[in-house]
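An overview of the molecular structure
Now for the letters of each chain:
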Amino acid sequence: MRSLSLCLLALAAAGGCSTNDSTTAPNNTSFTINPCSLSGTVQLAVAQTARVDCSNGGTTVTVAGNGASYLVIAQLPVDLVSNTFVPYHVSSGTAISASRTLPPRGISPFRTANGVSTVGLPPIRPRAKQLAFDGMLRARARRQLSSGRWSVSALRTPLAAASKSPLSASLVAVPPLGSVRQFHVLSSPDGSTSKTVGASLAYAGSDVLIYVDTLAPANGFTSAQLQAFGVLFDQTLYPIDIANFGPPSDIDQNGHVVMLMSQAVNALTTASDCTTAGYIAGFFDEEDLGGGLGDPNSNNGEVFYSIVPDPNGTASCAHSVDDVGFSVPATFMHELQHLISFSQHVVIHGGNPEYGWLDEGLSIVAEELGSLYYEQKCPGTACRTTPTQLFPDSSQGFISNFLYDSYQYALLPDTASVTLHSDADGGFSWRGGDWLLMRWLGDQKGSGLYKTLDENTLTGVANIENVTGQSFPSLFADFGLSLVTDSLPGLARSTAPAADRFVSRNVRVLWNRLFETSEGSDFPLAYPVVLFPISADTSTAVMDPGTGSYFRLDTPASAATVTIQFSGPGGTPLPASLKPQLSIFRLPAGQ
């Protein structure tokens, strides 16, 4: 809850559902009864939910009291509005002042005496350089398309715009192994310069061609390692992305996605930046699809660019074969989703690129799908260096980043908007929120949802509503509740309604493991979503559109009802454009 002063969200307890124009709480707080979408008293059984839409000009809702306890989430479930904080105020009249005891930050019993964890999650790799470079590319593509500098329509012939399919023969023959091709590769972090490199075809699979720079540093892949690397990308990783997000375009009509491994990619990061800001492991450049035949920097085909092993650090920081094998597969899956999204939305369907927040959320799901593949392949304690690991060794490079990001989002659910950020923005919290939203949507609607989101011209919230057949506010209400109501402590997971739970992940367990195994301040709580108590405190707070603020309301046994006010300054209704709503869940006893 972020402090400020203006809008009013006041909660006051009354002896009944008053029919008068106003009610006055014991602390002399007065407000007008002005029902939102639900009038009368909302009666919820334990573990039942209600969504109260306050975009109709209403400001109040009345719920049953008599000692009932509620999870209350104030939400602004919108996109396409200004990314500015909306102030609000929380107070109560005769509601019991609830308190939430935060878990201690001392040494966890899961840590060893010397502070070194024995059951940790995979280590997080610094990603500032990768995220900044990706963001630059996504933002540049949108600028070039909107300005008309790129004209994708010139590529959209019946053959060039055709989806790639493993069942369709390529029109351009695959060159022989060892043949050399020239590529244009970005050579500056801001994308302003390119260089030409020669690369030799080292692996030719059914769907992926791997080219390696002819000047690649010494002591890199052995022939056997490179063959195994190619098989992984061609026969495992590529099919996973295609099955879940659909096929890319095939503007070069070669029936393949090209993977170029070059030290030019290594050199995009300075050796000094590698430790503190991380490195650029790989990328997709929209100019290859949008630049057109007359663009001297476009390779006019579907290309993924990757670092190459450089154990002696001749181009930048050192990268062993193992380093490349750890970081590049997840990067490939992430960037391939971006490639598919741009192919489908822009090249094939002639629309606009997907909004950055949704595009990035789907790419993070693509990383997770790599981990899920290995998790299913290695259940229980199999394939783990330490049997207590939550994830097998083979999934470590896929799983770590978004789990850390999701924890950071859960600490800031009222600040990290899931609908107003772009993949051109920095920051980790909103990315964690978008992974959670996409994971929850996939759990609720089936993984086929991801492909449908990519294969159309709609974008953002309109895309989600079209694919799911539900309003985004309704979806956002259940998603927000699920962060708390899924796997309530001590109760069966089925306690909460099915719509208010995840399926494939138990985020409470994952977040708790982060807390147990951390040695720093990034994971201060065993469960990071804090329910702020509702009391007579009249201090103010703010939240961003596309977020929710979490509260707990405990009603007195002596109060038959409690009236909740959700309003703007001076009790005026919040703007309908923000679609203000309250999501309410009646907590079971003891929670």
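Description of the structure in this document. Being a predicted model, the structure only gives us computed values, none of them experimental. (Residues numbered from 1 in each chain as written. Predicted model: local features only at pLDDT ≥ 70, side-chain atom pairs only at ≥ 80, totals over all residues. Heavy atoms only, no water.)

Considerations on the overall build of the protein chain
To be explicit about the condition: Secondary structure elements follow DSSP: runs of H or I of four or more residues count as helices, runs of E of two or more count as strands, with numbering from the N terminus. We call a residue buried when its accessible area falls under 20% of the maximum for its residue type, exposed when it is over 50%, and partly exposed in between, using a 1.4 Å probe and counting protein chains only. Contacts are assigned to residue pairs that have any heavy atoms within 4.5 Å of one another. All accessible-area figures derive from a Shrake-Rupley calculation using a 1.4 Å probe, and residue coverage is judged against the displayed protein chains alone.
Of regular secondary structure, the protein chain possesses 13 helices and 20 strands. Evaluated residue by residue, the protein chain yields a buried proportion of 58% over its 591 residues. Sequence separation of 24 or more characterises 76% of the internal contacts of the protein chain that already satisfy a separation of 6 or more. A total accessible area of about 21500 Å² is found for the protein chain, and carbon and sulfur atoms account for 55% of it.

Observations concerning the pattern of salt bridges
Rules: Put simply, a salt bridge is a Lys or Arg side-chain nitrogen that is within 4 Å of an Asp or Glu carboxyl oxygen.
Applying the stated criterion across every chain yields a total of 14 salt bridges. Residues Asp 405 and Arg 127 are paired through a salt bridge, measuring 2.7 Å at the closest nitrogen-oxygen approach. Taken as a pair, Asp 405 in helix 8 (residues 396-411) and Arg 127 in the loop between strand 9 (86-91) and helix 1 (128-147) lie far apart in primary sequence, 278 residues in all. Just as Asp 405 is buried, Arg 127 falls in that class too. A salt bridge links Glu 375 to Arg 505, with the nearest nitrogen and oxygen atoms 2.8 Å apart. Of this pair, Glu 375 sits in helix 7 (residues 356-377) while Arg 505 is found in the loop between helix 12 (472-485) and helix 13 (507-517), placing the two residues 130 residues apart along the sequence.

Looking at the sheet that holds strand 18 (residues 548-554)
Quick reminder of the rule: In this description, strands pair whenever DSSP reports at least two bridges between them. Every axis corresponds to a line fitted to the C-alpha atoms, with the helix fit spanning only the stretch in contact, and the corresponding angles, defined between N-to-C directions, vary from 0 to 180 degrees.
Strand order across the open sheet formed by five strands is 6-20-8-18-16, with mixed pairing between neighbours. In this open sheet, the two strands that pair with only one neighbour each are strand 6 (49-53) and strand 16 (532-533). Seen against the sheet, helix 12 touches strand 6, strand 8 (69-75), strand 18 and strand 20 (581-586) and runs at an angle of roughly 135° to strand 8.

Section: unusual backbone geometry
A positive phi angle is found at Ala 47, which is not glycine, with a value near 70°. By the element assignment, Ala 47 lies in the loop between strand 5 (41-42) and strand 6. For Cys 383, which is not glycine, the phi dihedral falls at a positive 60°. With respect to the element layout, Cys 383 can be found in the loop between helix 7 and helix 8. The partly exposed category is assigned to Cys 383, whose relative accessible area is 41%.

Here we look at the side chain of Thr 555
Basically, it comes down to this: Two N or O atoms form a polar contact when they lie within 3.5 Å of each other; inside protein one atom must be a possible hydrogen donor and the other a possible acceptor, and for residues adjacent in sequence the pair counts only when both atoms belong to side chains.
Position of Thr 555 among the secondary structure elements: in the loop between strand 18 and strand 19 (561-567). Exposure remark for Thr 555: the relative accessible area of 1% places this residue in the buried category. Here the side chain of Thr 555 touches Gly 67 through a polar contact of 3.1 Å, landing on its backbone nitrogen. A polar contact of 2.9 Å, which involves the side chain of Thr 555, links it to the backbone oxygen of Ala 68.

Describing the packing of helix 7 against helix 8
How we decide: Throughout this description, any angle smaller than 35 degrees is read as roughly parallel, any larger than 145 degrees as roughly antiparallel, any in the 65 to 115 degree range as roughly perpendicular, and the remainder as oblique. Less than a right angle of anticlockwise turn of the near helix away from the far helix marks a crossing as left-handed, whereas a clockwise turn marks it as right-handed.
Where helix 7 contacts helix 8, the axes come no closer than 8 Å and their chain directions differ by 130°. One finds that helix 7 runs oblique with respect to helix 8. The chirality of how helix 7 crosses helix 8 is left-handed. For the pair helix 7 and helix 8, contact is made by Ile 364, Glu 367, Glu 368, Gly 370, Ser 371, Tyr 374 and Glu 375 and by Phe 398, Ile 399 and Phe 402, respectively.

Quick word on the pairing of strand 7 (residues 60-64)
Of all the five residues making up strand 7, five are buried; the element is thus mostly covered by neighbouring parts of the structure. Across two bridges, strand 5 lies against strand 7 in parallel orientation. Following the sheet pairing, Val 42 is matched in strand 7 by Val 63. Looking at chain direction, strand 7 and strand 19 are connected through five bridges and run antiparallel.

Some points on the packing of aromatic side chains
How two aromatic rings sit relative to each other is given by the distance of their centres and the angle of their planes. Basically, it comes down to this: Aromatic pairing here means that ring centres of Phe, Tyr or Trp (its six-membered ring) are within 6.5 Å. Orientation follows from the plane angle: under 30 degrees is stacked, over 60 is edge-to-face, and everything else is tilted. Note on criteria: charge over ring means Lys NZ or Arg CZ within 6 Å of the ring centre, with the direction from the centre no more than 35 degrees off the ring normal.
What the rule picks out here adds up to 18 aromatic pairs. An angle of 80° between the planes, with centres 5.2 Å apart, marks the rings of Phe 304 and Phe 332 as edge-to-face. Of this pair, Phe 304 sits in strand 15 (residues 303-306) while Phe 332 sits in helix 6 (residues 321-348), and the two are 28 residues apart along the sequence. Pair check on accessibility: Phe 304 and Phe 332 agree, each one buried. Between Tyr 407 and Phe 523, the aromatic rings sit 4.9 Å apart at their centres with planes inclined by 75°, giving edge-to-face as the arrangement. One end of the pair, Tyr 407, is in helix 8; the other, Phe 523, is in the loop between helix 13 and strand 16, with 116 residues separating them in the sequence. Assessed through its relative accessible area of 0%, Tyr 407 is described here as buried. Among the aromatic side chains, those forming a connected cluster through ring pairs are Phe 221, Phe 229, Phe 233, Phe 304 and Phe 332. Above the face of the Tyr 527 ring, Arg 508 is positioned so that its terminal group lies 4.0 Å from the ring centre.

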